[in-house]
Amino acid sequence: MSTLTPFHGPNAGYVLDLYEQYRKDPQSVDPEAQAIFRHWSPSSNGSEPLASPEEPASAPCTGPGVGTVVRAARLARLIREQGHLAARIDPLGAEPVGDPELEASTHGLHPEDLEALPASVVGGPLAEISRNALEAVGKLRHAYCGSVGYEDDHIQIPIERVWLREAAESRRFFTQIDEAQQRDLLERLTEVETFERFLHHTFAGQKRFSIEGTDMLVPMLDRIIHEAAATGTREVVMGMAHRGRLNVLAHVLGKPYSTILSEFQSTVDQNPSVSGTGTQGWTGDVKYHLGAHMAYVEGAFTAMPLTLAPNPSHLEYVDPVIMGRCRAAQEERTKPGAPYRDPKAAGAIMVHGDASFPGQGIVAETLNLSRLAGYSVGGTIHIITNNQIGFTTSPGEGRSTLYAGDLAKGFEIPIIHVNADDPIACIAVARMAFAYCTRFHKDFLIDLVGYRRWGHNEGDEPSFTQPRMSSLISAHPTVRELWATDLEQRGVVTHDEAETMVHDVQERLRESRWARPTAEQGEEHDVGVRPPGLARPQETAVPAERLRELNEALLSRPEGFTVNPKLERVLSRRKTALNEEHAIDWAHAETLALASILADGTPVRLSGQDSERGTFSQRHIVLHDATGKRYVPLQALPPSKASFAVHNSPLSESAVLGFEYGYSMHATEALVLWEAQFGDFANSAQVIIDQFIVSGYSKWRQTPSLVLLLPHGYEGQGPDHSSARLERFLQLAACDNIRVANCTTAAQYFHLLRRQAQLIDSAPRPLVVMTPKSLLRHPLAASSLVDLATGRFFPVLDDVDAQRRADRVTRVVLCSGKVYADLRTRQPAPEHVAVVRLEQLYPFPEEELREVLTGYRGYRELVWLQEEPRNMGAWGYVTMRLRRLLGANRDLIYAGRPESASTAEGSLRRHAAEQERILAEAVGAPIEQAPERSEVAHAR
């Protein structure tokens, strides 16, 4: 039995009257109505089906009985829900998938049946302008099965679904454009097409990833940006992959033809102020990866910043970066408390590929951010430039779904498929997308179905693998040709006028080819020399009295707010910690550092999995009482002069880290921190690290100051919870692109964070911190008030005890991070051994380390101690640098685990034995077997 939607509308009264008649005399109504009413009553409120299992409809009804009404209403519903399956959305003329349920005959309906029914049976705006149900169904079919296909049945919120269907049926976004606008559209399409054809003939075979086949993308972007400016949006941030990028740069972002053409001819350096790579590390990037920035001005609109972010070949990884930039543009961070966010302040547009959208997991991660409080931007407009092929891979080989955008259904994002050869429809859906995002603050997806006129990158031959499609495309007129013909037939333009438009664009391009671009034309940002990384030591100490004030404010609670008693006991220790020796633990120092940074006027944003509490239950930066209320002391800090935001992130690394990178790129005045649950979880975000964080300056002159907090340390927890892959960051470190630190004390971490905040303006760099786990509460890592109130961050920490006996030291053990604490507590160093800590690994503190080693004139052996296997950790990085310091007659010795394919042992007992071995080896002590009970003690 088919379950039918209950009938509601103007004819509901007719059905109830008929039902009352059936109750009084069943034989007085037609047999079909009798069959239906045997299974239905008004009290069922539509919960029971309006259909008959015994008596299916067959022949034409003699009158508009209730069964005919119900079946007509069902047909209308199915057209609304499934009409996209019959929509003509393929410019190349492929037959739609179709669905028998969309045919009236499937429901036992004939034209005369529908003609006998009032249009109100169909309902909606189209019924109001129709004489009967037959005419209304025809108009409904035209709306839902034309060159636009609507998918909204997956939207669970009724008011949104009603809005979408009213918009589709009223066609209010299809408002007829006047003749001047029609000519403007032809001129725009002429620019788009002529630009591509000029490149195709002038630079034959060079990669450009042509837009041809989805040319309407540019006018659609024009319309969305226009709508944004007209409604008061103050900034628009865009991201897109390669296809069509040069065209968008030229015609949407205003990048001069001369600059683009010079890049094809390699006559201009993307950063003329830097010659070669040299010490600045400048490499630039290929032309179809570059970004641009402009001030959008149209008519009386105030100049609106418009940015297209640069994009690597990992196509969709820019998606979360765009969201982060947009979110930062929406927030006001100059006042204490949580940042104030205005969704209208900025908007985001993402242009996707039809193969990459369903194929790359970063897309799903990014869509999941769209409605999360800490990451939402109030609605992103997504456009899939659907070529119906990915490189040489057909849709049937590249996705398991009917449509390229089906992934969005799981996030209740409306989807519209539109034929890229219908300019009016394309503009209409662009307007509809913007209106929906503005109204409901949710994402919207446009599937712009077109084709790809040439091969994937203009250098390959598509007919080798798609001969039929290539044949269809070569014989298919362009959208500009189709639109020009339409305007000519309607007398809007003449053929000569249309050809003159082409000639004019060609002339501009020919002139631009030999014009020399200025430096500013090729750059997203101002050209200039990168600021020095660490010109001088930063004064990061905070007066003791100020620290006491901050500490007291952090420990205050709102009236009536009661923290969990167990947690209160932990936090209460912070009340006296400033008065005791070495009582300030890692999390306490971190909170004081953030509080002092806020008091200095620098906004702070911290996110990551479980970052509010801390993976190791150490931070507790957000407090909860028994009623579920939240309290964030750093947002209620009286001395604060800037906002503080902290968010538990979803279980994602790639999208969240990309988001925070984008946020830091826009919020250049803020300290932005991302924390991995365990350091090696950053593996999942390696593309963001490689393609954006460490190389962003070299390629695109981007200078973020993002901080990565990566828990690192070997405590016998197995291969997946030990190493933050320090070696990878050191391998990626070059030309002063990042900073890498592995601190051993709470005070060092305190000063490191404050130094990073102070360098945001003068020398911004990403900071990678190997944060601890067991050191979080280790006595050796604890600090005193004087350590925070004096001093600064020291890249190298000397052995204070060994300094007193420096003349007897013959062996210096150099190490970094938590292994130092293990060495001090489990393997006391002999008299002739000094233990020195390398707190900053990159930039390598050569002068500071040289000065420390000079204090031990008699040493003969320098031992590098690390927990990680020999082919991991810092050994490969420090070896050459240390050899430069040693000179002759001194040995460089390695103490650590042997080479391994896995980061750590899977057994706690084996870990303990290895740890004892390398510690003893480091100081030259006899190696003893670890006691059996040490495994139990360590586990506790």
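Numbers given to residues run from 1 along each chain, matching the order in which its sequence is written. Residues qualify for local features only when their pLDDT is at least 70, as the model is predicted, and side-chain atom pairs are given and counted only at 80 or more; totals for whole chains, interfaces and linings, by contrast, use all residues. Based on all heavy atoms of the structure, the side-chain values leave hydrogens and waters out of the count.

S.K.: Give a description of the overall build of the protein that names residues and reports values.
M.R.: When its secondary structure is counted, the protein shows 33 helices and 24 strands. Any residue under 20% of the maximum accessible area for its type is buried, any over 50% is exposed, and the rest in between are partly exposed; the area is computed with a 1.4 Å probe on protein chains only. Every one of the 940 residues in the protein was classed for burial, and the buried ones make up 59%. Whether two residues touch is decided by their heavy atoms; if any such pair falls within 4.5 Å, the residues are in contact. For the protein, contacts bridging at least 24 residues in sequence account for 78% of all contacts bridging at least 6. When the accessible surface of the protein is split by element, carbon and sulfur atoms take 51% of a total near 37400 Å². Only DSSP runs of H or I covering at least 4 residues are called helices, and only runs of E covering at least 2 are called strands; the numbering of each starts at the N terminus. The Shrake-Rupley method, run with a 1.4 Å probe, gives the accessible areas here. Residue values count only the displayed protein chains as cover.

S.K.: Tell me about the sheet that holds strand E11 (residues 604–608), residues and numbers included.
M.R.: Strand order across the open sheet formed by seven strands is E14-E11-E15-E16-E18-E17-E22, with mixed pairing between neighbours. Pairing within the sheet leaves two strands with one partner each, and these edge strands are strand E14 (644–648) and strand E22 (840–842). Between one strand and the next, the sheet's axes are offset by a mean angle of 20 degrees, whatever the strand orientation. Strands are treated as partners if at least two bridges between them are detected by DSSP. Relative to strand E16 (residues 707–711), strand E15 (residues 671–675) is paired through three bridges, and the arrangement is parallel. Its bridge partner lying in E16, Trp-674 is registered against Leu-708. Interaxial angle, 0 to 180 degrees, is taken between N-to-C directions of lines fitted to C-alpha atoms, where a helix line uses only the stretch in contact.

S.K.: Tell me about the packing of helix H21 (residues 586–599) against helix H26 (residues 746–762), and please be specific about residues and values.
M.R.: Where H21 meets H26, the closest approach of the two axes is 8 Å, and the angle between their N-to-C directions is 25 degrees. In terms of their interaxial angle, H21 and H26 are classed as roughly parallel. Considering only the axes of H21 and H26, their crossing is right-handed. Residues Trp-586, Ala-589, Glu-590, Leu-592, Ala-593, Ser-596 and Ile-597 of H21 lie in contact with H26, whose contacting residues are Ala-746, Tyr-749, Phe-750, Leu-753, Arg-754 and Ala-757. Note on residue categories: nonpolar means Ala, Val, Leu, Ile, Met, Phe, Trp, Tyr, Cys or Pro, charged means Asp, Glu, Lys or Arg, and polar means any other residue, Gly included. Tallied by class, the residues present in the contact of H21 with H26 amount to 10 nonpolar, one polar and two charged. For classification, angles of less than 35 degrees are called roughly parallel, those exceeding 145 degrees roughly antiparallel, those between 65 and 115 degrees roughly perpendicular, and all remaining angles oblique. Here a crossing is called left-handed whenever its near helix is offset anticlockwise from the far helix by less than a right angle, and right-handed whenever the offset is clockwise.

S.K.: Kindly report on the environment of Ala-329, identifying the contributing residues and their values.
M.R.: The topology assignment puts Ala-329 in helix H11 (residues 319–330). Ala-329 sits 94 residues away from Glu-235 along the chain, and the two C-alpha atoms are 7.4 Å apart. When residues no more than four places from it in sequence are discounted, the contact partners of Ala-329 are Glu-235, Ala-345, Ala-346 and His-666.

S.K.: Quick rundown of the packing of aromatic side chains? Include the residues and the values.
M.R.: Centres within 6.5 Å make a pair out of two Phe, Tyr or Trp rings, where for Trp the six-membered ring is used; the pair is then stacked when the planes are under 30 degrees apart, edge-to-face when over 60, and tilted otherwise. All told, the structure shown has 18 aromatic pairs when counted by the stated rule. Judged by centre distance (5.0 Å) and plane angle (45 degrees), the rings of Tyr-436 and Phe-440 are tilted. Taken as a pair, Tyr-436 and Phe-440 lie in helix H15 (residues 423–440) at a separation of four residues, close to a single helical turn. Ring geometry for Trp-586 versus Tyr-749: centroids 4.9 Å apart, planes at 20 degrees, classification stacked. Here Trp-586 is found in helix H21, whereas its partner Tyr-749 is found in helix H26, with 163 residues between them in sequence. Residue classification places Trp-586 among the buried residues on the basis of a relative accessible area of 4%. Above the plane of the ring of Phe-174 lies Arg-171, whose end atom (NZ or CZ) is 3.9 Å from the centre. A cation over a ring is seen here: Arg-837 above Tyr-820, with NZ or CZ 4.0 Å from the ring centre. Each ring is checked for a lysine NZ or an arginine CZ that lies within 6 Å of its centre and within 35 degrees of its normal; such an atom marks a charge sitting over the ring.

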